[in-house]
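Below, each chain spelled out in residue letters.
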Amino acid sequence: MRRRAVLRGVLFLSVVIVAAGQGLPAAQSKPVLAETYYNTFSRAHPVLARIKPGAIVSTKTLDASGRDDMSMVRANPPNPLTGPFYVEGAEPGDALAVRFNRVRLNRNWGFTSYRLGLYSLTPESIEGLYPNRYRPNEIIKERVNVVPWDLDLKSQTVRLREPSSAVHKMTFAAKPMLGCVGVAPAGDFAPTSSPAGNYGGNLDYNEIGEGTTVILPVFQPGALLFIGDGHALQGDGEPTGTGIETSMDVEFTVDVRKKQPLSGPRAETAEYIISIGSQPEFVSSTNRGLQLATSDMVNWLTSEYKMEPWAAHLLVGYQGRYDIVTVAGTVALKIPKKQLPQ
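Residues numbered from 1 in each chain as written. Predicted model: local features only at pLDDT ≥ 70, side-chain atom pairs only at ≥ 80, totals over all residues. Heavy atoms only, no water.

### Some details on the overall build of the protein
The condition that has to hold: The helix count covers DSSP runs of H or I at least four residues long, the strand count covers runs of E at least two residues long, and both are numbered beginning at the N terminus. C-alpha atoms define the radius of gyration in this analysis, and the globule rule sets the expected value at 2.2 Å times the number of residues to the power 0.38. The classification of residues rests on relative accessible area computed with a 1.4 Å probe and restricted to protein chains. Under 20% of the type maximum is buried, over 50% is exposed, and intermediate values are partly exposed. The convention is simple: Lys and Arg are positive, Asp and Glu are negative, and His and the chain ends are not counted. Where a charge sits is defined by one atom per residue type, namely NZ (Lys), CZ (Arg), CG (Asp) or CD (Glu).
Across its full length, the protein holds four helices and 21 strands. For 342 residues, the compact-globule estimate of 2.2 N^0.38 gives 20 Å, and the protein sits close to it at 20 Å. Seen through its principal axes, the protein has C-alpha atoms that stretch 55 × 55 × 40 Å. Here the protein holds 342 residues, and 52% of them are scored as buried. Positive and negative charge centroids in the protein, built from 35 and 32 side chains respectively, lie 3 Å apart.

Structure below.
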């Protein structure tokens, strides 16, 4: 979404780590549950857990309003972050590869905005638009413009609870994702959990779900990884300003790619390699995000896949696919893996 979980559960008590600064050995999964959440990607925050490359980490995230899987308010909005995770051996100039093994719904409801953002519409279509208010302060106490969704964990579907459409069931297959994935940026810069940048941040990219690997530049010792802002479903661009906001169970594995400096985030799925032209919304044009993604993809193809520059340009020109990641913000460029050099 743009802009202190307690340790609980009998199943966790025998294995849970009370996180602050304790280490996780490689290839071992133990739940790491935060007691404090943060709203900035900052190197100054106390480390939640130290992990080794290859470690499998299980954790939870809150929804964008600060509510957990029991619907209890645990942190302040917007987009409370779980972390930071200190990755052993990660140094500035490296890349951090974060593979999301599991991104799962863990409660039966979520919420979204009631209306498309005005930034998604032409000026002439705004006149006479319905009021952006729905049951103020009832669904989410501090919000006047959200609607509730029911999440069916068994069938993995989402359904708008209210209001009710006379012509559409408003029921869809869920596609869980994480809106926030990032590391502490360079220097003392501590951006909030609302924008995106070269460190990742509030990417709001609906390809970042189960099975996806996100690759981030490292700016600080240990990288200091943060995650959060789970969505049960989100359309391209996040045109309402929200996904279906909800809490998540997350399992991820980290790897350090030594001496692999990056200009910004990348991702890999089963089908694509993806360059993400990550930038804050409303600061530069979407075309700038496209340029960032395209330039990075050419560098990726020539440096790692050893393509001639002219061949990389033509591959992008005739096999590239662009995603609008956020309206007035980030753009991603995808190349099918089947089209890459063997």
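### Examining the packing of helix α3 (residues 286-303) against helix α4 (residues 309-319)
For clarity, the threshold we go by: Orientation is described by lines fitted to C-alpha atoms, with helices fitted over the stretch in contact, and by angles between N-to-C directions that extend from 0 to 180 degrees. Any angle that falls under 35 degrees is termed roughly parallel, while one over 145 is termed roughly antiparallel, one within 65 to 115 roughly perpendicular, and all others oblique. Note on convention: the crossing is left-handed when the near helix lies turned anticlockwise from the far helix by less than a right angle, right-handed when the turn is clockwise. In what follows, a contact means two residues having at least one pair of non-hydrogen atoms within 4.5 Å. Classification used: nonpolar for Ala, Val, Leu, Ile, Met, Phe, Trp, Tyr, Cys and Pro, charged for Asp, Glu, Lys and Arg, polar for all others including Gly.
Their axes nearest at 9 Å, the elements α3 and α4 cross at an angle of 130°. Between α3 and α4, the angle is such that the two are oblique. The element α3 and its partner α4 pack so that their crossing is right-handed. For the pair α3 and α4, the contacting residues are Thr294, Met297, Val298, Leu301 and Thr302 in the first and Pro309, Ala312, His313, Leu315 and Val316 in the second. Looking at side-chain class alone, the contact of α3 with α4 contains seven nonpolar, three polar and no charged residues.

### Here we look at the confidence of the model for the protein
So the rule is basically this: Scored from 0 to 100, pLDDT reflects the predictor's confidence in each residue.
Averaged over every residue, the pLDDT of the protein is 93; the share at 70 or more is 91%. Low confidence marks residues 3-22, where pLDDT is under 50. Its contacts with residues over four positions away, or in another chain, come to 51 contacts.

### Observations concerning a nonpolar patch on the surface
Defined as follows: In this analysis, a patch consists of residues with relative accessible area above 30% that form no salt bridge, clustered at 9 Å for like charges and at 5 Å for the nonpolar side chains Val, Leu, Ile, Met, Phe, Trp and Tyr. For the accessible areas, the method is Shrake-Rupley and the probe is 1.4 Å, while residue cover comes only from the protein chains on display. Take a side-chain nitrogen of Lys or Arg and a carboxyl oxygen of Asp or Glu: if they are within 4 Å of each other, that pair is a salt bridge.
Together, Trp310, Leu314 and Tyr318 line one region of the surface with nonpolar side chains, adding up to about 430 Å² of accessible area. On the secondary structure map, Tyr318 appears in helix α4.

### Things to note about the packing of aromatic side chains
Using the following cut-off: Centres within 6.5 Å are what make two rings of Phe, Tyr or Trp a pair, Trp counting through its six-membered ring; a difference in plane orientation under 30 degrees is then read as stacked, over 60 as edge-to-face, and the rest as tilted.
Scanning the model with the defined rule gives 10 aromatic pairs in all. Consider the rings of Phe41 and Phe226, whose centres lie 5.5 Å apart with planes at 75°: the pair is edge-to-face. Of the two residues, Phe41 sits in the loop between β3 (29-33) and β4 (49-51) while Phe226 sits in strand β16 (residues 225-231), which places them 185 residues apart along the sequence. In terms of burial, Phe41 and Phe226 fall into one category: buried. When the ring of Tyr119 is compared with that of Phe282, the centres are 5.2 Å apart and the planes differ by 55°; the resulting orientation is tilted. Separated by 163 residues along the polypeptide, Tyr119 in the loop between β8 (109-113) and α2 (123-126) and Phe282 in the loop between β19 (272-277) and α3 bring together distant segments of the chain. Judged by its relative accessible area of 31%, Tyr119 falls in the partly exposed class. Connected via pairs of aromatic rings, a cluster forms that spans Phe41, Phe189, Tyr199 and Phe226.

### Some thoughts on α4
Since one α-helical turn is 3.6 residues long, residues separated by three or four positions face the same way. This is how the line gets drawn: It is the directions from the helix axis to the C-beta atoms that the arc portrays.
When α4 is considered as a whole, its buried residues turn out to be Ala311, Ala312, Leu315 and Val316. One side of α4 holds all its buried residues, which, seen down the axis, span an arc of 135°. In α4, the exposed positions that point more than 90 degrees away from the buried face belong to Pro309, Trp310, His313 and Tyr318. Where the residues of α4 are buried, they touch α3, β20 (321-324) and β21 (331-336).

### Structural notes on the nonpolar core
Heads up, the condition is: Working definition of a nonpolar core: buried Ala, Val, Leu, Ile, Met, Phe, Trp, Tyr and Cys residues. They are joined through side-chain atoms within 4.5 Å.
By size, the foremost hydrophobic cluster in this structure holds 65 residues, and its most contacted members are Phe85, Leu96, Phe100, Val181, Leu225 and Phe252. Beyond its immediate sequence surroundings of up to four residues, Phe252 is in contact with Ile51, Ala55, Ile56, Val57, Thr59, Phe85, Val98, Arg99, Phe100, Asn101, Leu225 and Ile227.

### Section: the sheet that holds β8
Condition: By the convention used here, strands pair only if DSSP detects at least 2 bridges between them.
Pairing in this open sheet of four strands is antiparallel, and the strands run β8-β9-β10-β11 from one edge to the other. Lying at the two open borders of the sheet, with one neighbouring strand each, are β8 and β11 (171-173). Geometrically, the sheet is characterised by an average inter-axis angle of 30° between neighbouring strands, direction not taken into account. In the sheet, strand β10 (residues 157-160) pairs with β11 via three bridges, with the strands oriented antiparallel. Bridging across to β11, Thr157 finds its partner in Ala173.

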